[in-house]
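# Per-entry structural report
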Amino acid sequence: MPTYKRGFTKEKLMFGQFFVLFALMAVGYLCSRKGFLNNEMTVGVGNIVLFFTIPALLFSSLANTRVEKDMLLNFATVVALHFFGSLIFGRIIRMYYRFRKFEEAHLDMLEVTAVSVNNAFIGFPIALMFFGEEAVVYMSASVLGLNLYVWSIGLYIIKGIKGESLGTMLRTLVKGAINPNISSILLGLLASVVGLMAYIPGFVQDFIASLGGISTPLSLIYIGALTGNSGLKYLLRDREALEASLIKMIAMPIMTFLFIYFIPMQPLVKAVLFIAMSLPSAAIIPMIVGKYGVGVEASSKMVMITTAFSMATVPICVAISHIWI
């Protein structure tokens, strides 16, 4: 939990953090509109964040945190709640889409896209900026829960893998879920438990910390550039994608709040889980839909629109989350 400098109220500090958040996004947006970051360059920035800076941030944060029994219990709780929350909320949102007579062939895609959140590119910067390094630990648990959902239940829904053997399903889960972020989480936890950092030279630790330290600005610049390159005016003409995205960004925070409000958990854990499940749709889902399912264009539009909407909803959700801390 962040501490407040002398003379700074919580409200003033939050305003300053929001200014930094949106200013960095604005840099990315302006760079895309001016042509400094075209689509290919934006993808390159995203890959740097995904494969280098976020893994470094995760490993450094976890490895340098003294992970005790209570923290491990909180970590496991977040993993489980994110997994089951995604499953339950997906079923509920699907009922709404069906009631509104959305295209039947797109219901599977819409369900998974709606509940699969961007807790890496957006979640980690928000956790670090507003709640401190311990929050990064719990946000990483959310990432683990999300990956377990996406590569098991989510893939089952999108692909329809009925009839495949248990071994095939497990191989698909392992192949998809073991990615740079998950590997860094597991290695960071292991390093913390066994005290590995005591044996790593200081200059190597400094390198990893420095690389992880640029995750927040690069991630937010990437999100801003992504929004700028998306052609938002064109996207907003698609009424179905617009409605699906709006309902996702309203329903997910409400359902999550009601889901966790009465569950006995530490305040910081509740706040991080609430933020994590209120984030826009994850960019990985259109890739999975394109390979295994139907509706890749609609899924991509939903990612772009929810990302744009998050600029309004994220500050509200961060403010709400402070009722617990």
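Residues numbered from 1 in each chain as written. Predicted model: local features only at pLDDT ≥ 70, side-chain atom pairs only at ≥ 80, totals over all residues. Heavy atoms only, no water.

Take the overall build of the protein next. Helix and strand counts for the protein come out as 15 helices and 0 strands. The C-alpha atoms of the protein give a radius of gyration of 19 Å, which matches the 20 Å a tight globule of 325 residues would have. When the 325 residues of the protein are sorted by exposure, 53% land in the buried category. Within the protein, counting contacts between residues at least 6 apart in sequence, those at least 24 apart form 85% of the total. Total accessible area on the protein stands at roughly 15,300 Å², and carbon and sulfur atoms take up 68% of it. A gap of 3 Å separates the mean positions of the 24 positive and 16 negative side-chain charges of the protein. (Helix = DSSP H or I, 4+ residues; strand = E, 2+ residues; numbered from the N terminus. Rg over C-alpha atoms; globule rule 2.2 N^0.38 Å. Buried < 20%, exposed > 50% of the residue type's maximum accessible area, 1.4 Å probe, protein only. Contact = heavy atoms within 4.5 Å. Areas by Shrake-Rupley, 256 points an atom, 1.4 Å probe, with all protein chains shown as cover. Lys, Arg positive; Asp, Glu negative; His and termini not counted. Charge placed at Lys NZ, Arg CZ, Asp CG, Glu CD.)

Contact geometry for helix 2 (residues 39–63) and helix 10 (residues 215–229): axes closest at 9 Å, N-to-C directions at 155°. In terms of axis orientation, helix 2 runs roughly antiparallel to helix 10. Every pair of crossing elements has a handedness; the one defined by helix 2 and helix 10 is left-handed. Where helix 2 abuts helix 10, its residues N39, T42, V45, G46, I48, V49, T53, I54 and L57 lie against S215, L218, S219, Y222, A225, L226 and N229. Considered class by class, the residues forming the contact of helix 2 with helix 10 number 9 nonpolar, 7 polar and no charged. (Axes fitted to C-alpha atoms, helices over the stretch in contact; angles between N-to-C directions. Parallel < 35°, antiparallel > 145°, perpendicular 65-115°, else oblique. Left-handed = near helix turned anticlockwise from the far one by under 90°. Nonpolar A, V, L, I, M, F, W, Y, C, P; charged D, E, K, R; others polar.)

Here the focus is the environment of T65. As for its placement among the helices and strands, T65 is situated in the loop between helix 2 and helix 3 (69–99). Expressed as a C-alpha distance, the spacing of T65 and G188, which sit 123 residues apart in the sequence, is 9.0 Å. In this structure, T65 is in contact with M71, V137 and S192, ignoring residues within four places of it in sequence.

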